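Reading the structure
Below are the chains, spelled out letter by letter.
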Amino acid sequence: MDQNIQKDIWGGQILLVSDDTELRALYVHAIELLGGRCTALPISFNSDDIGEQINVATIVVQITEWDGVQREALGRVERFCEASRLPMLIRTDLNLLDMILAEVEYPHVEHLLSDSVAELFVSLEHRTERPISSLFADRDEIDLVDLKKISADVERIARALVKLSGTKPAAGERRLINSPFLEPEAQTKVADSPIGFKAGASGDLQGADSDRAPEHRPTTVLDNISADEVRGLIRARRLRDQYFDGELFADPAWDMLLDLMAAQLEGTKVAVSSLCIAASVPPTTALRWIKTMTEEGVFERKADERDGRRIFIELSEEATAGMVGLLTMIRREGLILI
């Protein structure tokens, strides 16, 4: 067997498809510094380029712009992953997320909304056949905080190598920018793997039809709750950030539940990107929470009937009943909850 294949820390090479020269160089340097193998292809690759690759553990797609070239490349990668049963990671920006979510139907995909190498390595740890923790034979376990600290060191070296190599973005590409989501230390205080949650049967939307949009469902059970009331809770939560570090109270599940409840009362729809913002945590972390809560039946995904390029998130029938019951009880008991 090829000695290089034996040394692949993720059970195979990482295939990287990117429309950003500098970001592509950063990921390649970081993966190789950690001891992995990475083959990088431009966004304009053809099917033969990807078909020639062997022993691939996963495919990472970096998309910083959205037009026909990116759409076609994403389709080719998706078809290859489906045929090969490979996991797929998409690194993009929040403003492109809704369009990409509507484009990709492959179930084994994770979306990264940060350039951070730490986030990349955590995702590879979760999605690939062989975890990176196998490198640390002298330790009983390695948790996500440890992995992010290791990744931070790798990232600093990789960025220095990119700078020294003089890598320049091609025409139309952007350079790496400073972002609060780039520092892995800023993301270690919020759980990356949300605790499973089952919506309890705490109430019943009398006669509700789950196939109808929230604004068309019977609203008798909602009559005692107002959108202003829920928005007031959200404003109170944000006021805390003026006096305390926001990470101290990070609770993305509750923030998203409140935002979706208010939207339902207002008869408005919430796109995935908007819900990520409402969660008040790094977008990649918010996406993991959305995925988990959707799988657990707390949230429901709904396609935009007028624009197939967008996906909306709604509260499930059970979750709505639970929120109504909770907010009604809070008011009845004269409690304050933020």
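Every value quoted in this text rests on a predicted model; they were computed, and no experiment measured them.

A few words on the environment of asparagine 95. Mapped onto the secondary structure, asparagine 95 falls in helix H5 (residues 94–103). Of the residues examined, asparagine 95 reaches a relative accessible area of 62% and is grouped as exposed. Note: C-alpha distance between asparagine 95 and glutamate 65 (30 residues apart in sequence) is 9.6 Å.

It is worth spelling out the pattern of salt bridges at this point. For the structure shown, the criterion picks out 15 salt bridges. A salt bridge links glutamate 295 to lysine 291; the nearest nitrogen and oxygen atoms lie 2.6 Å apart. You can see glutamate 295 and its partner lysine 291 sitting in helix H11 (residues 283–295), four residues apart, about one turn around the helix. Of the residues examined, lysine 291 reaches a relative accessible area of 38% and is grouped as partly exposed. Because the salt bridges share partners, they merge into one network encompassing Arg237, Arg238, Asp241 and Asp255.

Take the sheet that holds strand S4 (residues 88–91) next. Strand order in the open sheet formed by five strands is S2-S1-S3-S4-S5, with parallel pairing between adjacent strands. Looking at strand neighbours, the two that pair on one side only are strand S2 (38–42) and strand S5 (109–112), the edges of this open sheet. Averaged over all pairs of adjacent strands, the angle between strand axes in this sheet comes to 20°, irrespective of strand direction. In this structure, strand S1 (residues 13–18) lies alongside strand S3 (residues 56–62), joined through six bridges in parallel fashion. Within the sheet, the bridge partner assigned to serine 18 lies in S3 and is glutamine 62.

Before going further, it helps to spend a moment on the sheet that holds strand S8 (residues 311–315). Strand order across the open sheet formed by three strands is S6-S8-S7, with antiparallel pairing between neighbours. Looking along the sheet, the strands with just one partner apiece sit at the ends: strand S6 (270–271) and strand S7 (299–303).

Here we come to the pairing of S3. Most of S3 sits out of view: seven of its seven residues are buried. Sheet topology note: the S3/S4 ladder contains four bridges and is parallel. From the neighbouring strand, valine 61 faces S4, where its bridge partner is isoleucine 90. Handedness of the crossover joining S3 and S4 through helix H4 (residues 68–84) is recorded here as right-handed.

Ranked by internal contacts, the top residues of the largest apolar core, which has 38 residues, are Val272, Leu275 and Phe299. Elements with a minimum of two residues in this core: H5, helix H8 (227–239), helix H9 (252–266), helix H10 (272–278), H11, S8 and helix H12 (317–333). A per-element tally of this core places H9 first, with nine residues. Residues contacting phenylalanine 299, with those up to four places away along its chain left out, are Met256, Leu257, Leu260, Leu275, Ile290, Met293, Thr294, Ile313, Glu314, Leu315 and Ser316.

Right, let's talk about the environment of alanine 262 for a bit. Along the chain, alanine 262 turns up in helix H9. Along the primary structure alanine 262 and valine 230 are separated by 32 residues, whereas in three dimensions their C-alpha atoms are 5.7 Å apart. The contacts of alanine 262, once residues within four sequence positions are left out, are Ala227, Val230 and Arg231.

Take the side chain of glutamate 110 next. Relative to the helices and strands, glutamate 110 is located in strand S5. Setting aside chain neighbours within four positions, we find glutamate 110 in contact with Met88, Leu89, Ile90, Ser123, Arg127 and Arg288.

What counts and what doesn't
- Residues numbered from 1 in each chain as written.
- Predicted model: local features only at pLDDT ≥ 70, side-chain atom pairs only at ≥ 80, totals over all residues.
- Heavy atoms only, no water.
- Helix = DSSP H or I, 4+ residues; strand = E, 2+ residues; numbered from the N terminus.
- Buried < 20%, exposed > 50% of the residue type's maximum accessible area, 1.4 Å probe, protein only.
- Salt bridge = Lys/Arg side-chain N within 4 Å of Asp/Glu carboxyl O.
- Pairing = 2+ DSSP bridges.
- Axes fitted to C-alpha atoms, helices over the stretch in contact; angles between N-to-C directions.
- Right-handed = clockwise from strand over helix to strand, strands pointing away.
- Core = buried A, V, L, I, M, F, W, Y, C linked by side-chain atoms within 4.5 Å.
- Contact = heavy atoms within 4.5 Å.

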